[in-house]
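Tertiary structure, described
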Amino acid sequence: MFKFLKDVVAGSVAGVKDLPYNIGEPYSSAWGSWIHSRGTSKVDGSPVSIFSLTGSNSGDGRLAAGRNGVKRLRTVRHPNILSFLHSTEDEIIDGSSTKVTIYIVTEPVMPLAEKMKELALQGTQRDEYYAWGLHRIAKAVSFLNNDCGLVHGNVCLESVVVTQTLDWKLHAFDVLSELDGNNEAASGPMLQYDWLVGTQYKPVELAKSDWTSIRKSPPWAIDSWGLGCLIYEIFSGLKISKTEELRNTSSLPKSLLPDYQRLLSSTPSRRLNSSKLVENCEYFQNKLLDTIHFMEILNLKDSVEKDTFFRKLPTLTEQLPREIVLKKILPLLGSSLEFGSAAAPALIPFLKIGSWLSPEEFNIKVLPTLVKLFASTDRAIRVGLLQHIDQFGESFTAQIVDEQVYPHIATGFSDTSAFLRELTLKSMLVLAPKLSQRTISGSLLKYLSKLQVDEEPAIRTNTTILLGNLATHLNEGTRKRVLINAFTVRALRDTFPPARGAGVMALSATSSYYDAQEIAVRILPNVVVLTIDPDSDVRSKAFQAVEQFLQIVKQYHEKVSNGDNSELTGSGISSLPGNSSILGWAMSSLSMKGKPSDSEHTHTPHLSASSSAPNISNMPNATSVVADVQSATMVRACSTADIVDHHHHNHNHNHEAAAPVSTMSINDGWGEIENENNVIEDEEKNGWDDFLPLEDINPPPALSSSIQAAQKRPLHTKPQVPNMRGKHATSVSKNEDEDLWGSVSGHPPKAASASTKKAAVDNDDDPWAAIAAPPPTTRAKPLAAASGRGRSSKPALPKLGAQRINRTSSSGV
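Parameters at a glance
- Along each chain, the written sequence defines residue order, and numbers are assigned to residues from 1.
- Where local features are concerned, this predicted model is filtered to residues with pLDDT of at least 70; where side-chain atom pairs are given and counted, the filter is 80 or more; whole-chain, interface and lining totals use all residues.
- To get the side-chain values, take all heavy atoms of the structure and skip hydrogens and water.
- Only runs of H or I of at least four residues qualify as helices and only runs of E of at least two qualify as strands under DSSP, and these elements are numbered from the N terminus.
- For the exposure calls, accessible area comes from a 1.4 Å probe over protein chains only, and a residue counts as buried if that area is under 20% of its type's maximum, exposed if over 50%, partly exposed in between.
- Note on contacts: a residue pair is in contact if any heavy atoms of the two residues lie within 4.5 Å.
- Here, Shrake-Rupley sampling with a 1.4 Å probe gives the accessible areas, and only protein chains in the shown set may cover a residue.
- Between any two strands, pairing holds if DSSP finds at least two bridges.
- Note on definitions: angles span 0 to 180 degrees between N-to-C directions of axes, and those axes are lines fitted to C-alpha atoms, for helices only across the stretch in contact.
- A pair of aromatic rings is counted whenever rings of Phe, Tyr or Trp (Trp by its six-membered ring) have centres within 6.5 Å, and the orientation is called stacked for planes under 30 degrees apart, edge-to-face for over 60 and tilted otherwise.
- Distance and angle both matter: a charge sits over a ring if NZ of Lys or CZ of Arg is within 6 Å of the ring centre and within 35 degrees of the ring normal.
- Whenever a carboxyl oxygen of Asp or Glu lies within 4 Å of a side-chain nitrogen of Lys or Arg, that contact is scored as a salt bridge.
- Multiply 1.5 Å by the residue count of a helix minus one, and that product is the helix's expected span.
- Confidence scores labelled pLDDT are given residue by residue by the predictor and lie between 0 and 100.
- The arc in question is the one traced by the directions running from the helix axis out to the C-beta atoms.

What follows concerns the overall build of the protein. Secondary structure summary: the protein contains 33 helices and ten strands in total. The buried share among the 813 residues of the protein stands at 54%. Residue pairs at least 24 apart in sequence account for 73% of intrachain contacts in the protein once pairs closer than 6 positions are excluded. Looking at the protein as shown, the accessible area adds up to about 35,500 Å², and 52% of this sits on carbon and sulfur atoms.

Encoded structure:
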């Protein structure tokens, strides 16, 4: 039999005309003489179902009924009736005979009998699914009988198919006819093709062809009997062979039994209307049906009902049939989110259900919706996406992130909500590795340069941690320009102890990218100062970093002493003790699910300068300083005034251990690209032109004595607030202190030439250009030259390094 079906299908395909579909393998069952086959579109390969009916000649009665079915299916539209796509007829000449084949193309469906075997549901889940399916078929029958005045004539197991979303749909319209009960003159058959209906499915009046009685009966009488037959077949799992089998009710649910008996009443006028079946039957009241019904009319619900429903849905989905949740509820959730009918709480069940899918199915069914949601203007939707981005971010391709996702996420970097800015920052831990170098250097780093001077200390800290993570994804030129300046000029001088600690650890974790000269000239001097930091955790991190970097420099010394003049970079520290834990910090510090440190929870409006920073360097499981999104606002604990006042109190009691104070000014040159010329002018006035030029790999013999002499020069610290001026305050020139951080990277030429100013303008796209100043053109000068500029020659104050870092820019006064 199966070979015969394959031969028929193969012959049909060979002669099909005007059918833009490919016919595949047939299913094992179909209604009547039809063959139900799988198919695909020749245009886009999308799946379809193809029903074919072959007759020996054009006058075959089955063909006439088939044409009636095509016409009815084409014109009758309802959500629970099979969707029509295309139809055609084809003649096949086989020797002396001619065969005619009718093709109907519909949405992809599967025979109900096969789907029931495939799902193999049991117990409550089986009853819930069958109730949902019967509810759909009853609604379709009610539509035909009560709304359209039509009689289907053969509702049974074979006339029901199942879609890819597990919806039951009614088809097999070959017998479908108008109800002519009002036509008293009619005396012939009302159902022209009733002979196609099996005797076991016919009610008594139809089996006797009592058309007079049929015309006097309600319009639902015949199809209500068919619904009873369908109920018996799905619960017994057997096709009816004779009418008497309908009396066996042992397999039916007790809550459905009374209505089942009314559907099969021997008196047509007493049979239950299908519309009353779905409204009053207790069997149709269950969680699955209620859930799907709520989601289908979501637009009619108010916001309170939606929020309540979606907050219960994650727990509810655990109790529903898994296959139905994945194939029905998940698509409903996705479409409701995509078109705006669902609120932000719907994201949680949507992502939870999506996590049950295989990676391939997740990419097809969930990711496209998520990509579209990133363009949403609803802030709650954006927050929900960013909070859970670790669940799906890795599934995005680099092209999708770079072209479709990042442009929308980037707006959060400058959002007025600190909470959203922090979530946006944390999302980059997942997405930044997928960005192109052009996007990283041209956009992302600009945003990070501004976030490192954000008013929120948590955001400043996590920006430093993120830069430590991103180091491996930056090209060499960007690393040279960015990392040292970001960590030393910004992080190590932050007023927030955890931010300083993060800067130290970031330098340690990225040590492989610095050569020996950068370590000796630009890193060690800044880190050593933190060994007397008021915060004990910062001090311990600083001591570890100093030991690490000194060991690198020592290796460089030994290498040069052995006659090897090749440059030694930090890459040689792979075997240093503790280095693995440092690199582990770089990969785990900016955690999405970390808990705030104790120091953050104990913050009062006045942040203690000696509060303990989170220990994020000891183990790979270390988490972000402020990774708990719900406590992000708690870190907004210290204003600049609070920190300055507290620092002033410490300054009066201990001059030697003052906390490094960051200017945190947007004019510091790291993130203010527009004022690059002004930064260069300020650098000319800072008086640090005797600093060691970076290009001098082999320092001159007199360098040691020059540095010692320079260190003996007195350094006038600028008071941080007006009330700090007193006996410890020293009058200084305003021009010398207008810019603190621009001088760290080296001093520009004395006079800014036209070409220099033009270069500054050209660097507007470089957020680090302001602090990564051009290499100085002068070498270290003797002490006499320094004093010639009018500097004081008084003896040096104790621990000048700490006081130097405590200086603030003029914008902070």
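Moving on, we come to the sheet that holds strand β9 (residues 168-170). The sheet built from three strands is open, its strands ordered β6-β8-β9 with antiparallel pairing. This sheet does not close on itself; its edge strands, each paired only once, are β6 (109-111) and β9. With direction set aside, neighbouring strand axes in the sheet form an average angle of 40°. The pairing of strand β8 (residues 160-163) with β9 spans three bridges and is antiparallel. The partner of V161 across the bridge, within β9, is K169. Its contacts with the sheet put helix α4 (residues 123-147) on β8 and β9, and the angle it makes with β9 is roughly 25°.

Attention now goes to the packing of aromatic side chains. In this description, a pair of aromatic rings is defined by centroid distance and the angle of the planes. On inspection of all chains with the given rule, the structure shows 13 aromatic pairs. Here Y130 and F235 contribute two aromatic rings whose centre-to-centre distance is 5.5 Å and whose plane-to-plane angle is 80°, an arrangement assigned as edge-to-face. Of the two residues, Y130 is situated in helix α4 and F235 in helix α7 (residues 221-236); the sequence distance between them amounts to 105 residues. Of the two residues examined, Y130 and F235, each falls in the buried class. Through a chain of ring-to-ring contacts, three or more aromatic side chains come together here, namely Y129, Y130, W132, W168, F235, Y283 and F284. Cation over ring: R38 sits above Y27, and NZ or CZ is 4.0 Å from the ring centre. Geometry around W356 places R322 over its ring, the cationic atom sitting 3.6 Å from the centre.

Okay, the pattern of salt bridges next. Under the definition given, this model contains 26 salt bridges. The partner of E318 in a salt bridge is K352, and the shortest N-O contact between them spans 3.0 Å. Taken as a pair, E318 in the loop between α11 (303-317) and α12 (322-338) and K352 in helix α13 (residues 347-354) lie far apart in primary sequence, 34 residues in all. A relative accessible area of 43% places E318 in the partly exposed class. When its relative accessible area of 25% is taken as the criterion, K352 is described as partly exposed. A salt bridge links E323 to K327, with the shortest nitrogen-to-oxygen separation between them at 3.0 Å. In this pair, E323 and K327 both sit in helix α12, four residues apart, roughly one turn of the helix.

Looking now at the sheet that holds strand β5 (residues 97-106). Strands sit in the order β1-β2-β3-β5-β4 across an open sheet of five strands; the sheet is antiparallel. On the outer flanks of this sheet lie β1 (21-26) and β4 (84-94), each paired with one strand and no other. Mean inter-strand twist for the sheet, computed between neighbouring axes without regard to direction, equals 30°. Judged from the ten bridges that link them, β4 and β5 form a sheet pairing that is antiparallel.

Glancing now at helix α19 (residues 418-431). If you check α19, its first and last C-alpha atoms are 20 Å apart, about what 14 residues at 1.5 Å a residue would give, namely 20 Å. Within α19, twelve of the 14 residues are buried, which leaves it mostly tucked inside the rest of the structure. Those residues of α19 that fall on the buried side of the exposure criterion are A418, L420, R421, E422, L423, T424, L425, K426, S427, M428, V430 and L431. Those residues of α19 hidden inside the fold are in contact with α16 (379-387), α17 (389-392), α18 (398-409), α20 (437-451) and α21 (457-470).

As a further point, take the confidence of the model for the protein. With 66% of its residues at a pLDDT of at least 70, the protein reaches an overall mean of 75. This model gives residues 592-764 a pLDDT under 50, and the stretch forms 370 contacts once residues within four places in sequence are excluded. Every residue in residues 769-813 is under pLDDT 50, and counting partners more than four places away or in other chains gives 122 contacts.

Attention shifts here to α18. When we look at burial in α18, the residues that qualify are V401, V405, Y406 and I409. Looking straight down α18, one finds that the buried residues subtend no more than 100° of arc, so they occupy a single side. Among the exposed residues of α18, those oriented more than 90 degrees off its buried face are Q399 and E403. Buried residues belonging to α18 abut α15 (367-373), α16, α17, α19 and α20.

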